[in-house]
Amino acid sequence: MSALPPPNLSFGLSPCPNDTYIFHAMLHGLVPVPAPITPHMADVEELNNLARQKALDVTKMSLGATTEIMQDYALMSSGAALGWGCGPLVVARKNLKPEDWRNATVAVPGLLTTANLLLTLHGGFQGPRKEMLFSDVMSAVSNGEADLGLIIHEGRFTYARQGLVKLLDLGQWWEAEFSLPLPLGAIAVRRDLSIPLARRVQNTITASLAYANAHPDDSREFIRSHAQEMEESVTSAHIKTFVTDFSLDLGSAGRAAIEALVGRAADIMGKPLPSEGLFLR
């Protein structure tokens, strides 16, 4: 009797250059995959909400959303966005003193994003938050819809073009406060998938990134076709900033950083961490 074919796996990724760089080889048959993969490409906040609904087998997600999904998903060791000097920025139309930040309206790229969690952990921003697509945040600040903007992804490299000024680098704040690299996003796998299959997917992600590092030109058109910012210098800076050694393997330092961030979020939310741990066994 022949074995059953492996199930199709739904796989969530964002259109951002770090994701399209990492997953290009995996999605284009350049490395072996353990099962057919059905990609779902969406803004990371949409992916966060889909994970909260348990709608995807494997997905990129914001670590700020971990408390919402950690009973149903485990975090993988490969594919993460985690490092030094990669934090979200708070920007404004003009320089403002910290006492002016407290009650300001902030445009945020999703309430489940790690950026929004960092804003909460900082404690200096108590005003209303306007949730919107990350690509709309800078224009919301420029046109006066919001006093401040919380920018992620390519916005880190382009905010000055819109006449905006940086008030705070939340990555620098995190690093100074906790002496840890900043964990932004990771790959989560449903806990009801078999552990051997989940481990094979994890190994495939590692192989896909290794292929990208060895053949960086192969993914260039795929990256450009999905990037918000088409300038190659910006996409290259984006990849260099958000794809790090931690993306190949979190290691003990990466895991400690994630546990520190998620532990603080769980305390705020009053949610216990899962007894089986945060990570794929």
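Preceding this paragraph is the structure being described.
Residues numbered from 1 in each chain as written. Predicted model: local features only at pLDDT ≥ 70, side-chain atom pairs only at ≥ 80, totals over all residues. Heavy atoms only, no water.

Remarks on helix 5 (residues 114-122)
Then comes step 1: Burial of helix 5 is extensive: seven of the nine residues sit out of reach of the surface.
Then comes step 2: Looking only at helix 5, the buried set comprises T114, A115, N116, L117, L118, L119 and L121.
Then comes step 3: Note on helix 5: the residue one or two positions beyond its end, G123, has a positive phi of about 90 degrees. (Buried < 20%, exposed > 50% of the residue type's maximum accessible area, 1.4 Å probe, protein only. Helix = DSSP H or I, 4+ residues; strand = E, 2+ residues; numbered from the N terminus.)

What about the sheet that holds strand 7 (residues 106-108)?
Then comes step 1: Ordered in space as 8-7-9-6-10, the five strands form an open sheet in which the pairing is mixed. Of all the strands in the sheet, the pair left with one neighbour each is strand 8 (129-131) and strand 10 (165-169). Across the sheet, the axes of successive neighbouring strands diverge by a mean angle of 30 degrees, strand direction being ignored.
Then comes step 2: As defined by bridge partners, strand 7 adjoins strand 9 (residues 148-151) across two bridges and the pair is classed as parallel. Pairing of A107 across the sheet is with G149, part of strand 9.
Then comes step 3: Seen against the sheet, helix 8 (residues 170-178) touches strand 6 (89-92), strand 9 and strand 10 and runs at an angle of roughly 25 degrees to strand 10. (Pairing = 2+ DSSP bridges. Axes fitted to C-alpha atoms, helices over the stretch in contact; angles between N-to-C directions. Contact = heavy atoms within 4.5 Å.)

Overview of the state of the cysteines
Then comes step 1: Counted according to the given criterion, the structure contains zero disulfides.
Then comes step 2: C16 carries a free sulfur, and the closest cysteine sulfur to it, the one in C86, is 13 Å from it. (Disulfide = S-S within 2.5 Å.)

As for the environment of H28
Then comes step 1: Structurally, the position occupied by H28 is in the loop between helix 1 (17-27) and strand 2 (37-41).
Then comes step 2: Residue classification places H28 among the partly exposed residues on the basis of a relative accessible area of 41%.
Then comes step 3: Placed 194 residues apart in sequence, H28 and F222 show a C-alpha to C-alpha distance of 10.0 Å.

What about the pattern of salt bridges?
Then comes step 1: Tallied over the entire structure, the rule returns nine salt bridges.
Then comes step 2: Between D192 and K54 there is a salt bridge; the shortest N-O distance is 3.4 Å. Taken together, the residues span a long stretch of sequence, with D192 in the loop between strand 11 (182-190) and helix 9 (195-214) and K54 in the loop between helix 2 (44-52) and strand 3 (58-62) at a distance of 138 residues.
Then comes step 3: You can call K54 partly exposed: its relative accessible area is 30%. (Salt bridge = Lys/Arg side-chain N within 4 Å of Asp/Glu carboxyl O.)

What about the side chain of D43?
Then comes step 1: With respect to the helices and strands, D43 occurs in the loop between strand 2 and helix 2.
Then comes step 2: No salt bridge is formed by the buried D43. Its closest oppositely charged neighbour is K60, at 11 Å.
Then comes step 3: Here E45 takes part through its backbone nitrogen, which lies 3.0 Å from a polar atom of the side chain of D43.
Then comes step 4: In contact with D43, not counting residues within four places along its chain, are P15, L133 and F134. (Lys, Arg positive; Asp, Glu negative; His and termini not counted. Polar contact = N/O pair within 3.5 Å; in protein donor to acceptor, adjacent residues only side chain to side chain.)

Considerations on the packing of aromatic side chains
Two aromatic rings, taken as a pair, are described by how far apart their centres are and by the angle between their planes.
Then comes step 1: Evaluated as defined, the whole model comprises four aromatic pairs.
Then comes step 2: For the pair W173 and F178, a centre-to-centre distance of 6.0 Å together with 85 degrees between the ring planes defines the contact as edge-to-face.
Then comes step 3: Three or more aromatic residues link up through ring pairs in this structure, and these residues are W173, W174 and F178. (Phe/Tyr/Trp six-rings, centres within 6.5 Å; stacked < 30°, edge-to-face > 60°.)

Here we look at helix 2
Then comes step 1: V44, E45, L47, N48, L50 and A51 are the residues of helix 2 that are buried.
Then comes step 2: Looking at the buried side of helix 2, the elements it contacts are strand 1 (9-13), strand 2, strand 3, helix 3 (66-69), strand 4 (73-75) and strand 8.
Then comes step 3: Sitting at the amino-terminal end of helix 2 is D43, which places a side-chain oxygen 3.0 Å from the backbone nitrogen of E45.
Then comes step 4: Downstream of helix 2 by a residue or two, K54 has a phi angle that is positive, lying close to 60 degrees.

Some points on the pairing of strand 6
Then comes step 1: On strand 6, burial covers both faces: L89 and V91 on one face and V90 and A92 on the other are all buried.
Then comes step 2: When strand 6 meets strand 9, the two strands line up antiparallel, connected through four bridges. The residue of strand 9 that forms the bridge with A92 is L148.
Then comes step 3: Two elements, strand 6 and strand 10, share four bridges in a ladder whose sense is antiparallel. Of the residues in strand 10, the one forming a bridge with L89 is D169.

Thoughts on the environment of S78
Then comes step 1: Note that S78 resides in the loop between strand 4 and strand 5 (81-83).
Then comes step 2: Accessibility expressed as a relative area gives 0% for S78, which makes it buried.
Then comes step 3: Spatially, the C-alpha atoms of S78 and L248 are 5.0 Å apart, while their sequence positions differ by 170 residues.
Then comes step 4: Polar contacts involving the side chain of S78 include one to the main-chain carbonyl oxygen of Q202, which spans 3.0 Å.

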